[in-house]
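Per-entry structural report
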Amino acid sequence: MAKILIVSDNPQLATAFVTLTSTDTYRDDYFEFRCSSNSETVMSKAVGKATNPVIIKLEHIEICQNFDLVISLHCKQLFPVKMVQNVRCINVHPGLNPFNRGWFPQVFSIINGLPLGATIHEIDELLDHGNIIAQEQVELLAWDTSKTVYHRVLDAEIRLLQQHLRSIIDNTYVSQPASQEGNVNLKKDYNALCEIDLSENLTFSDAIDRLRALTHAPYQNAFFIDPKTGKKVFVSMTLTVDSSSD
Ligand code: 0FX
């Protein structure tokens, strides 16, 4: 029996994972779900039973001793190098490695035009970097916002899990390094995008891309400071494609 630890802070992916692993194909495997402390309530609901928090940097030795495989489904914690060297660790990532590795890949893809999608890869010591097991590109439409395309990326991640989880558990998959190092965006890069400089000159096309990349209800992301009142004003965008032109 394979003992698999799932660490996740993403309720949609965790629910899909529970559904997938309830099938006969996984009846001989043991899955344990853990999450970060601030997502305990939402993750317990998503998994359908109490999901205990884990602090990976403090508990990685026990994790290596007790599990054959660790799968990150958007776990917000970084895996220590000692852990990834001592137990097989796999990441399900909402981006098309090596493009826009790191934080909120679809936001950066809308802005810089690099490909987006979903990737399952081995975890090494660098962010979203290890050998690639499977990928699916997701098309960006002119009327997409961060939110609409993100939901298609999540669907792609779930499809990849459906196709590859068995071979990942059995360690029978073939993986390969990305063709290039690509680029990485961090949370601070994302935060810098959110403040709009009202005097910045850019094309309509670039302005629309910036605002749709930051449109993801219920989050309030893009903002400017009103020069008269000093108040922070949030901006989001509505894009509606004319369906009569089909
Ligand atoms: O779980 P996740 O979709 O993924 C994030 C990173 O993008 C990913 O690279 C990393 N592996 C994972 C551990 O964490 O993030 P989320 O559920 O916090 O956010 C989902 C989307 O919601 C995000 O892509 C954009 C949007 N969002 C989220 C927050 C917190 C916003 O637009 N504004 C926000 O403040």
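Residues numbered from 1 in each chain as written. Predicted model: local features only at pLDDT ≥ 70, side-chain atom pairs only at ≥ 80, totals over all residues. Heavy atoms only, no water.

1. Comments concerning helix α1 (residues 11–21)
Each turn of an α-helix holds 3.6 residues, which means side chains three or four residues apart point in the same direction. Selection rule: Categorising residues by exposure relies on relative accessible area from a 1.4 Å probe, with only protein chains included: less than 20% of the type maximum marks a residue as buried, more than 50% marks it as exposed, and the intermediate range marks it as partly exposed. Only DSSP runs of H or I reaching four residues or more are called helices, and only runs of E reaching two or more are called strands; each is numbered from the N terminus. In this description, one arc is meant: the one made by directions from the helix axis to the C-beta atoms. Throughout, a contact is declared for two residues whenever any of their heavy atoms are within 4.5 Å. In the analysis that follows, any N or O atom pair within 3.5 Å is treated as a polar contact, provided that within protein one partner can donate a hydrogen and the other can accept it, and provided that, for residues neighboring in sequence, both atoms belong to side chains.
Residues of α1 that are buried include every one of Leu13, Ala14, Ala16, Phe17, Leu20 and Thr21, and no others. The arc that holds the buried residues of α1, viewed along the axis, is 165 degrees, so those residues lie on one side. Among the structural elements, β1 (3–8), β2 (30–35), α2 (40–47), β4 (69–73), β5 (88–93) and α6 (146–170) are those in contact with the buried residues of α1. Measuring from the side-chain oxygen of the N-cap residue of α1 to the backbone nitrogen of glutamine 12 gives 3.2 Å; that N-cap residue is asparagine 10.

2. A look at helix α8 (residues 204–213)
Turning to α8, its buried residues are Asp209, Arg210, Leu211, Arg212 and Ala213. For α8, the elements touching its buried residues are α5 (105–112), α6 and α7 (187–194).

3. Structural notes on the pairing of β1
Short version of the rule: Strand pairing is assigned whenever DSSP identifies at least 2 bridges connecting the two strands.
Counting buried positions over the six residues of β1 gives five, a clear majority of the element. Where β1 meets β2, five bridges bridge the pair, whose relative direction is parallel. Across the sheet, isoleucine 4 pairs through a bridge with phenylalanine 31, a residue of β2. With five bridges connecting them, β1 and β4 associate as parallel partners. Each residue of the ladder has a partner; that of leucine 5, found in β4, is valine 70.

4. Focus: the packing of α5 against α7
Spelled out, the test is: Each axis is a line fitted through C-alpha atoms, and for a helix only the stretch in contact is used; angles between axes span 0 to 180 degrees, taken between their N-to-C directions. By the definition adopted for this analysis, an angle is roughly parallel if under 35 degrees, roughly antiparallel if over 145, roughly perpendicular if from 65 to 115, and oblique otherwise. A crossing counts as left-handed when the near helix is turned anticlockwise from the far one by less than a right angle, and as right-handed when that turn is clockwise. Gly falls in the polar group here, along with every residue not listed as nonpolar (Ala, Val, Leu, Ile, Met, Phe, Trp, Tyr, Cys, Pro) or charged (Asp, Glu, Lys, Arg).
Close contact between α5 and α7 brings their axes to 11 Å; oriented N to C, the two are set at 55 degrees. On the basis of their axis angle, the class for α5 and α7 is oblique. For the element pair α5 and α7, the recorded crossing hand is left-handed. Between α5, through Val107, Phe108 and Ile111, and α7, the contact on the second element is made entirely by Asp189, Tyr190 and Leu193. For the contact of α5 with α7, a count of residues per class yields five nonpolar, no polar and one charged.

5. Side note on the pairing of β5
When a strand is regular, its side chains alternate between the sheet's two faces. The following threshold applies: With the strands aimed away from the viewer, a crossover counts as right-handed if its path from the first strand over the helix to the second runs clockwise.
For β5, the buried fraction is high: five of the six residues fall into the buried class. Sheet analysis places β4 next to β5, joined by five bridges and oriented parallel. Directly across from valine 70, in β5, lies its bridge partner cysteine 89. At this point the chain moves from β4, through helix α4 (residues 81–86), to the parallel β5, and the crossover so formed is right-handed. Looking at chain direction, β5 and strand β7 (residues 116–122) are connected through four bridges and run antiparallel. Its bridge partner being in β7, histidine 93 is matched across the sheet by threonine 119.

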